[in-house]
2 protein chains.
Amino acid sequence: MIERIGQRTLRFAEPPLLLSHAAAVGKKEGEGPLGAQFDFVTQDDRMGQKSWELAESELQKTAIDTAIKKGGLQKGDLDVILAGDLLNQCIGSFLASMQSDVPYLGQYGACSTMAQGLALGSCLVAGGAARRLLAAASSHFCSAERQYRFPLAYGGQRTPTAQWTATAAGAAVLGMRGSGHIRITHALFGKMIEMGVTDANNMGAAMAPAAYDTISTLLSDLGAQPQDFDCIVTGDLGHVGADLLLTLLREDGIDLSPVYSDCGSLLFGETQDAHAGGSGCGCSAAVLCGPLLRDMQADKIHRLVFAGTGAMMSPTSVQQGQPIAGICHAVVIERSNA
Amino acid sequence: MIERIGQRTLRFAEPPLLLSHAAAVGKKEGEGPLGAQFDFVTQDDRMGQKSWELAESELQKTAIDTAIKKGGLQKGDLDVILAGDLLNQCIGSFLASMQSDVPYLGQYGACSTMAQGLALGSCLVAGGAARRLLAAASSHFCSAERQYRFPLAYGGQRTPTAQWTATAAGAAVLGMRGSGHIRITHALFGKMIEMGVTDANNMGAAMAPAAYDTISTLLSDLGAQPQDFDCIVTGDLGHVGADLLLTLLREDGIDLSPVYSDCGSLLFGETQDAHAGGSGCGCSAAVLCGPLLRDMQADKIHRLVFAGTGAMMSPTSVQQGQPIAGICHAVVIERSNA
């Protein structure tokens, strides 16, 4: 049963289990502070493929296959795959699952795609539409640069507010039955919030108001304080957007800082020249499905809010002067010690 | 409650109501054989906007607003919007709903997007995750030509197997409570089926095997014959793909022809120079949310299979020589005379 509490938060009376998870990342991401906590780190960002798009697809496929294997499952055990990425027509995702023989629902939520898949997936599992499903998302620095900015060979300068698209993918399997202690207890679908930002090199500013809307609604609906969670993590506001989010919440008398992190800020170290931090669908997907869920399994985190943030724009919409809306979908993930 | 019957068909014990629906189309579509049955026909395919992308967005917004109004509803009555289109990063859809203040889940299923939204939406409503939601999809000939083929000014020649991307949008509101006689009783999520087609000008051939897989699975799961339905409609195989689908089913001893139509074949008349027929997310969305659902309301169709077909490709994937997979999601829609 799915119950609505407060304005918009969905509560699962019998919360879906997060049965398995895996993260696969690129070389630079593997050299960062979280490097040791990913399931797969490639030394060749081309992944042995002849294009960056195929490389991204192969990285997502690696995360999917690893998650399925770690769960002791086979592809045939899945009722559906929910996946998406930043590439035009989401080709990174459909190519990754094309030969899987599993029903497929393409998702587009920009960098909020992993959170969108988990929120939607937990509703499908809790509502009885799927016994077991997989949510996945990916991004690749080189395929994204070519599509959104310039081909790498151009050597374009990056602004200080620019984020570095992560070469990364994450996948998680949800189901009602199975072994495990990690469950998705609540989900909240985000609204697009548009505050007039038109600078495609400052996504953090475009997304922070949506993160503010979703996190403050969730806390209010649950009657909760930030300290009721071990960790509230956004993905991926980067340093600039994270500061804005803390400021917006502080104006409401909410101090998120004791429990707050951002996947984009966590992924790269200070010496890695990633400017305002990581971004891309794969960033929050890999940080969640690698380090964060490992910490939950290891009993270091018990109650986590995963709030994925996306910037709704395209090169065409930006060139045409359209504003960039942010969106933020959230799930509450809990570890039970039973 | 959602019950799984046979291999993959989901049956809704209490089927969601299709509360309202609307279709908005371009000038050429309005001049076709179905023209009088759409809610809105524009005489200006630019929709008063300064770009084709904004025109598409405005058309989808018109379908959404009309569906909400016809249902006697307001935007605030919706718990979520599921929408998608063919444009990079689905900008037609997110721009249409950006200011709606309704939670938003971007969907990408190529031309199967409307069926994907209805199948997913009916699971969310039947499972208790949403009280009321809207599914929408759109396409625009001019924005699609520029992105997939050539800008219109190029005047490129079209092959006989090519389909004409419809300038069209459809929207439908689903909910558990309300007045009405039309319900979604079953849903089936499709698998990607890839048979080696690489010709982006022959989408019908790429999609027909997926339609075959979904329709034969659905009939088998339901223990049904084609004649158990008043109408089985695909969207959008066009003339070439429709012939292939009938041939594939005939090899299994199934004669679909007495009840079969294709939205792409229905939309344009023979004199309209649309070659193999209509296509685009908006084609099946508008033909369903215009003529077909009107016929159900008027008691002319009682039991309908809506099987939306999509071709999973992008200009980049085709240029890189990747095969095109088809996908087909289906819903069964019934009119009760109670």
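Please read these numbers as outputs of a predicted model, since none were measured by experiment. (Residues numbered from 1 in each chain as written. Chains lettered and ligands numbered in written order. Predicted model: local features only at pLDDT ≥ 70, side-chain atom pairs only at ≥ 80, totals over all residues. Heavy atoms only, no water.)

(A) Looking closely at the side chain of Gln163 of chain A. Residue and element names in this part refer to chain A. Relative to the helices and strands, Gln163 resides in the loop between helix H5 (141–148) and strand S8 (164–165). Its relative accessible area of 8% is what places Gln163 among the buried residues. With residues up to four places along the chain from it excluded, the contact list for Gln163 reads Arg158, Met203, Gly204, Met207, Asp236, Leu237, Gly238, Ala274, Ala276, Gly277, Gly278 and Ser279. (Helix = DSSP H or I, 4+ residues; strand = E, 2+ residues; numbered from the N terminus. Buried < 20%, exposed > 50% of the residue type's maximum accessible area, 1.4 Å probe, protein only. Contact = heavy atoms within 4.5 Å.)

(B) Representation of the relation of the copies chain B and chain A within the structure. Its rotation angle being 180°, the transformation that places chain B on chain A also includes 0.0 Å of axial translation and leaves an RMSD of 0.0 Å. The relationship between the two copies is best expressed as a two-fold rotation axis. Residue Gly127 of chain B, judged by its C-alpha, is the member of chain B lying nearest the rotation axis, at 1.9 Å. The share of interface residues of chain B whose copies in chain A are also at the interface is 100%, consistent with both copies meeting through the same surface. (Least-squares fit on C-alpha atoms with pLDDT ≥ 70 in both.)

(C) Looking closely at the interface of chain B and chain A. Contacts between the two partners involve 58 residues from chain B, matched on the other side by 58 residues from chain A. Summed over both partners, the interface of chain B with chain A comes to about 4,600 Å²; 61% of that surface belongs to carbon and sulfur atoms. Three residues stand out in chain B for area buried against chain A, namely Gln89, Met98 and Met192 of chain B, and they jointly supply 15% of the buried area on that side. For the salt bridge of Lys191 of chain A with Asp101 of chain B, the shortest nitrogen-to-oxygen distance reads 3.3 Å. (Buried area = accessible area lost by both parts, 1.4 Å probe. Salt bridge = Lys/Arg side-chain N within 4 Å of Asp/Glu carboxyl O.)

(D) A look at the confidence of the model for chain A. This prediction gives chain A a mean pLDDT of 96; 100% of its residues lie at or above 70. On the interface metric, ipTM, the complex scores 0.97, and its pTM is 0.97. (pLDDT = per-residue confidence, 0-100.)

(E) Here's a closer look at the nonpolar core. Among the nonpolar cores identified, the biggest contains 258 residues, and Leu118, Phe306 and Ile333 of chain A together with Leu118, Phe306 and Ile333 of chain B are the most heavily contacted of them. Apart from the residues within four sequence positions on either side, Phe306 of chain B is in contact with Met114, Ala115, Leu118, Val233, Cys263, Ser284, Leu288, His329, Ala330, Val331 and Ile333 of chain B. (Core = buried A, V, L, I, M, F, W, Y, C linked by side-chain atoms within 4.5 Å.)

(F) Quick peek at H5 of chain A. All names here are of chain A. Burial within H5 is extensive, with 7 of its 8 residues counted as buried. Looking only at H5, the buried set comprises Phe141, Cys142, Ser143, Ala144, Glu145, Gln147 and Tyr148. On the buried face of H5, the contacting elements are helix H2 (52–70), strand S6 (104–108), strand S7 (132–139), S8 and helix H10 (315–319).

(G) Geometry of the environment of Gly264 of chain B. All names here are of chain B. Mapping Gly264 onto the fold places it in helix H8 (residues 263–267). Placed 28 residues apart in sequence, Gly264 and Asp236 show a C-alpha to C-alpha distance of 4.7 Å. Residues in contact with Gly264, not counting those within four places in the same chain, are Asp236, Gly277, Gly278 and Cys283.

(H) The arrangement of the pairing of strand S9 (residues 168–175) of chain A in detail. Residue and element names in this part refer to chain A. The element S9 is extensively covered by neighbouring structure, given that 8 of its 8 residues are classed as buried. Here S9 shows a buried face lined by Ala168, Gly170, Ala172 and Leu174 and a second buried face lined by Ala169, Ala171, Val173 and Gly175. Bridge analysis of strand S3 (residues 17–25) against S9 gives 8 bridges, and the strand direction is antiparallel. Looking at the pairing, Ala22 lines up with Ala171 of S9. Two elements, S7 and S9, share 8 bridges in a ladder whose sense is antiparallel. Among the inter-strand pairings, Ala135 is bridged to a residue of S9, identified as Ala172. (Pairing = 2+ DSSP bridges.)

(I) Region of the structure containing the environment of Leu188 of chain B. Residue and element names in this part refer to chain B. Within the fold, Leu188 resides in strand S10 (residues 182–188). For Leu188, a relative accessible area of 0% gives the class buried. Along the primary structure Leu188 and Val331 are separated by 143 residues, whereas in three dimensions their C-alpha atoms are 6.3 Å apart. If we ignore the near neighbours within four places in the chain, the residues touching Leu188 are Arg8, Thr9, Thr214, Thr217, Leu218, Asp221, His329 and Ala330.

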